Amino acid sequence: LRSIDRSTRVIEATLDRVPEIQGAIFSVENQTGAIRAMVGGFDFQASKFNRAMQAERQPGSVFKIFTYVAAIESGYSPTDTVLDAPVELVDGLGRPYAPENVDKEFRGLITIRQALTGSRNVPTIRLANALGIDTLIEAAHRFGIQRDLPAFLSLALGAAEVTLAEMTSAFSVFPNDGVRVTPYFIERIENTNGVLLEQENPRIHEVISSETAETMVDLLQGVVQGGTAVRARALKRPVGGKTGTTNDSTDSWFIGFTPHATAGVWVGYDEKKSLGPKVYGSNLALP
């Protein structure tokens, strides 16, 4: 505690313990692609690694959006039903694959809306199997996921690795009527005389129809109103979004949007290490 003058006192403090857990934030304007906020980690002086754009992590359930987009494009509606019951399928290597829900329970015949709202794994896998995993991969690439994706059913639950920037940009498609604008940092560059030297020309990608986008906005707003992202209701805005948690809680995600902006949050250790028991996207990344 020190005094600057009689009316101003300053408290100086240092952290007793530097956090081991890292986090990242990435936010873009939906209509322009302008990056409005980015945090790449706890301390740039300690690590120059930008976890918002460089870290490739498993996204967990936030990746489910591609299954539900593919389903809507294939003619499914939110009121159509899918079975939430034990199933054993064959993965891309010919091995048996029996997915489970996080709560280890099954709810029988439920609607597609209920499956996404409750982030049910087994119905998502059933949909992915019916649609074909290549359909999901094609959808993900349209949304700007640029890497090769494994043709395994577990991909539908987020078994691949992506960046926070990629996934946040993908979510911005929904509130922007099916259009993705490539994110950018610098709007324009002028010299000291005000002469324009360089200007960003938005790169626009028509990803899905406006009807599909509208349906997905409605579904993802339902996730906030009564699903795994219910804590986002505290914003008191028209928010849609999706939480994500990987196996053993090594990665915690939330990506959400308003009509104006989309923001994504990732939390985890740099190494593949559990964040602890009962840690999910809903109670760590989302808040």
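Worth saying up front: this structure is predicted, and the values here are computed from it rather than measured.

A.B. asks: Just to check I follow, could you spell out the overall build of the chain for this structure?
C.D. replies: Regarding its fold elements, the chain presents seven helices and 15 strands. Against the globule reference of 19 Å for 287 residues, the chain gives a C-alpha radius of gyration of 21 Å, in line with a compact fold. Across its three principal axes, the chain shows a C-alpha extent of roughly 70 × 50 × 40 Å. Burial statistics for the chain: of 287 residues in total, 48% are counted as buried. Excluding contacts between residues fewer than 6 apart, the proportion of contacts in the chain whose partners are at least 24 apart in sequence is 64%. Accessible area of the chain: about 14,900 Å², with a carbon and sulfur share of 50%. A gap of 8 Å separates the mean positions of the 28 positive and 33 negative side-chain charges of the chain.

A.B. asks: Before we go on, may I ask you to explain the environment of Asp 177 in this structure?
C.D. replies: As for its placement among the helices and strands, Asp 177 is situated in the loop between α5 (164–171) and β9 (179–181). Taking C-alpha positions, Asp 177 is 18 Å from Ser 27, a pair spaced 150 residues apart along the chain. Discounting chain neighbours no more than four positions away, the residues touching Asp 177 are Ile 208, Ser 209, Ser 210 and Ala 213.

A.B. asks: What am I meant to see in the environment of Leu 286 here?
C.D. replies: Following the sequence through the fold, Leu 286 ends up in the segment after α7 (281–285). C-alpha separation for the pair Leu 286 and Gly 94, spaced 192 residues apart in sequence, amounts to 37 Å.

A.B. asks: How should the sheet that holds strand β3 (residues 22–29) be read in this particular structure?
C.D. replies: Within a sheet, adjacent strands bond to each other through the backbone by hydrogen bonds, running parallel or antiparallel. Reading across from one edge, β4-β3-β15-β14-β13 is the order of the five strands in this open sheet, with antiparallel pairing throughout. Edge strands, defined here as strands with exactly one partner in the open sheet, are β4 (35–39) and β13 (240–245). Pairs of neighbouring strands in the sheet enclose a mean axial angle of 5°, with direction left out of account. Judged from the eight bridges that link them, β3 and strand β15 (residues 261–268) form a sheet pairing that is antiparallel. Residue pairing in the sheet places Phe 26 in a bridge with Gly 264 of β15. Its contacts with the sheet put α5 on β3, β13, β14 (251–257) and β15, and the angle it makes with β15 is roughly 150°. Seen against the sheet, helix α6 (residues 210–226) touches β13 and β14 and runs at an angle of roughly 65° to β13.

A.B. asks: Whenever I open this one, a nonpolar patch on the surface confuses me. Can you help?
C.D. replies: A contiguous nonpolar surface patch, about 620 Å² in accessible area, is contributed by Met 38, Met 53, Phe 185, Ile 186, Ile 189, Val 195 and Leu 197. On the secondary structure map, Leu 197 appears in strand β11 (residues 196–199). What makes Leu 197 exposed here is its relative accessible area of 56%.

What counts, and where the lines are drawn
- Residues numbered from 1 in each chain as written.
- Predicted model: local features only at pLDDT ≥ 70, side-chain atom pairs only at ≥ 80, totals over all residues.
- Heavy atoms only, no water.
- Helix = DSSP H or I, 4+ residues; strand = E, 2+ residues; numbered from the N terminus.
- Rg over C-alpha atoms; globule rule 2.2 N^0.38 Å.
- Buried < 20%, exposed > 50% of the residue type's maximum accessible area, 1.4 Å probe, protein only.
- Contact = heavy atoms within 4.5 Å.
- Areas by Shrake-Rupley, 256 points an atom, 1.4 Å probe, with all protein chains shown as cover.
- Lys, Arg positive; Asp, Glu negative; His and termini not counted.
- Charge placed at Lys NZ, Arg CZ, Asp CG, Glu CD.
- Pairing = 2+ DSSP bridges.
- Axes fitted to C-alpha atoms, helices over the stretch in contact; angles between N-to-C directions.
- Patch = residues over 30% accessible without salt bridge, like charges linked within 9 Å, V, L, I, M, F, W, Y side chains within 5 Å.
- Salt bridge = Lys/Arg side-chain N within 4 Å of Asp/Glu carboxyl O.

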